[in-house]
Amino acid sequence: MTPKTLTALVEEKTLHGSFVRDEDERPKVAYNEFSTEIPVISLAGIDEVEGRRAEICKKIVEACEDWGVFQVVDHGVDAALISNMSRLAREFFALPPEEKLRFDMSGGKKGGFIVSSHLQGEAVNDWREIVTYFSYPLRHRDYSRWPDKPEGWIAVTEKYSEKLMGLACKLLEVLSEAMGLEKEALTKACVDMDQKVVINYYPKCPQPDLTLGLKRHTDPGTITLLLQDQVGGLQATRDGGNTWITVQPVEGAFVVNLGDHGHYLSNGRFKNADHQAVVNSNYSRLSIATFQNPAPEATVYPLKIREGEKSILEEPITFAEMYRRKMSKDIELARLKKLAKEKQLQDLENAKHHDQSKPIERIVA
Ligand code: OGA
Ligand code: NI
């Protein structure tokens, strides 16, 4: 069972059982053991200074080919807006449980507050609380699902969503150019760009080594802009989860993650960032993820297939279908994992009984 909020569980000495992960999924690297492998790229002068654009473009492309992750600074989003957004988000999570639960979406509502995640078929919970809004397209905004407390947050969120939409489009222009296409190619491929904001709150955790704030995944959309505080906890892997690095928090920066849609459109040239979030017992942590997704009916197929290459997709599909396939694959993997675990337990049991039934001399021999 998923608890309704984490407020009470934070005070417990041991971790609530529903958050305990299998050993192979547990954190391998500390939340504050930072790596500098992910490049921090300044966007200063991108539209004004001769030659700057090509230079920035090159760095972004290298990062996309390498990890599917980079950080941007001098991005033009006002620092006061960023700090207001973070402060108000923190204030929301500090509200008493009954206030947060006025926006409970565990019954299937679109937008609001929930613990862990809303994916079906998850056996283990993530150690996080979230608030999520669907901010674009404008006609889909449902303000009844946007928290009305703390006061003034709605106006700040509106502004934040608008500025991040602008920044995302600017980055998609750079990626389009890098693929040798017209500037608008990627935004056009999104048809009518969707934006969803997820605010992640990771409370202090009694046994952080046994769990994750957010399990390993790739984001489904085109790109994600993540604002994180100075605590640390975002981790990336390039080898299927064998080794991990913790992304160094940079004040005022956005971490940009390429998603599955971006990966397919580039025919696999750009990586879809494979990532997770770990938690710790010293600090709570806040991150704000802005997901830029194509419209559900947008076509997913490489925009450019380089000479000598084959398409990584057999046929064009819609984004809705891509998402459906991703989810059913995840559910199938979870099912197989559960079966394998049950079988292992059964084998152990059988072996025990088997040993007991053998004469003693056979066992010591
Ligand atoms: C996400 C995500 C990472 C973090 O919300 O999809 O990857 O550090 N968040 O919160
Ligand atoms: Ni993510």
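For the structure itself, consult the block above.
None of these values were measured; they are calculated from a predicted model. (Residues numbered from 1 in each chain as written. Chains lettered and ligands numbered in written order. Predicted model: local features only at pLDDT ≥ 70, side-chain atom pairs only at ≥ 80, totals over all residues. Heavy atoms only, no water.)

Caption draft 1: Just the site of ligand 1, in detail. Among the 13 residues in the neighbourhood of ligand 1, the closest are listed as Tyr 202, His 217, His 275, Arg 285 and Ser 287. Separating an oxygen atom of ligand 1 from a side-chain N or O atom of Asn 200 is a distance of 3.2 Å. Between an oxygen atom of ligand 1 and a side-chain N or O atom of His 275, the distance comes to 2.9 Å. Taken by itself ligand 1 offers 290 Å² of open surface, and the protein chains cover 97% of this. Within the residue set of the shell around ligand 1, elements represented by two or more residues are β6 (194-202), β7 (214-217), β12 (274-277) and β13 (285-293). Ranked by residue count, the leading element in the shell around ligand 1 is β13, at 4 residues. Counted by class, the shell around ligand 1 contains 7 nonpolar, 4 polar and 2 charged residues. (Near = heavy atom within 4 Å. Polar contact = N/O pair within 3.5 Å; in protein donor to acceptor, adjacent residues only side chain to side chain. Areas by Shrake-Rupley, 256 points an atom, 1.4 Å probe, with all protein chains shown as cover. Helix = DSSP H or I, 4+ residues; strand = E, 2+ residues; numbered from the N terminus. Nonpolar A, V, L, I, M, F, W, Y, C, P; charged D, E, K, R; others polar.)

Caption draft 2: Highlighting the pattern of salt bridges. What the rule picks out here adds up to 33 salt bridges. Across the pair Glu 173 and Arg 53 runs a salt bridge, and its minimum N-O distance is 3.7 Å. Within this pair, whereas Glu 173 is found in helix α4 (residues 153-178), its partner Arg 53 is found in helix α1 (residues 52-66), the two being separated by 120 residues in sequence. For Glu 173, a relative accessible area of 22% puts it in the partly exposed group. Ionic pairing is found between Arg 325 and Glu 321, a salt bridge with its closest N-O pair at 2.9 Å. Here the residue Arg 325 and the residue Glu 321 both occupy positions in helix α7 (residues 319-357), the gap between them amounting to 4 residues, near one helical turn. (Salt bridge = Lys/Arg side-chain N within 4 Å of Asp/Glu carboxyl O. Buried < 20%, exposed > 50% of the residue type's maximum accessible area, 1.4 Å probe, protein only.)

Caption draft 3: The sheet that holds β13, seen in detail. Read across the open sheet, the 8 strands follow the order β2-β3-β11-β8-β13-β6-β5-β4; overall the sheet is mixed. In this open sheet, the two strands that pair with only one neighbour each are β2 (40-42) and β4 (112-115). Taken pair by pair, the neighbouring strands of this sheet meet at an average axis angle of 25 degrees, ignoring direction. Strand direction decides the pairing type here: β6 and β13, joined by 9 bridges, are antiparallel. Along β13, the bridge assignment pairs Asn 200 with Ser 287. In the packing of α1 onto the sheet, contacts are made with β2, β3 (69-73) and β11 (254-258), and the angle to β2 comes to roughly 160 degrees. Across the sheet, α4 is in contact with β3, β5 (129-136), β6, β8 (223-228), β11 and β13; its angle to β8 comes to roughly 130 degrees. (Pairing = 2+ DSSP bridges. Axes fitted to C-alpha atoms, helices over the stretch in contact; angles between N-to-C directions. Contact = heavy atoms within 4.5 Å.)

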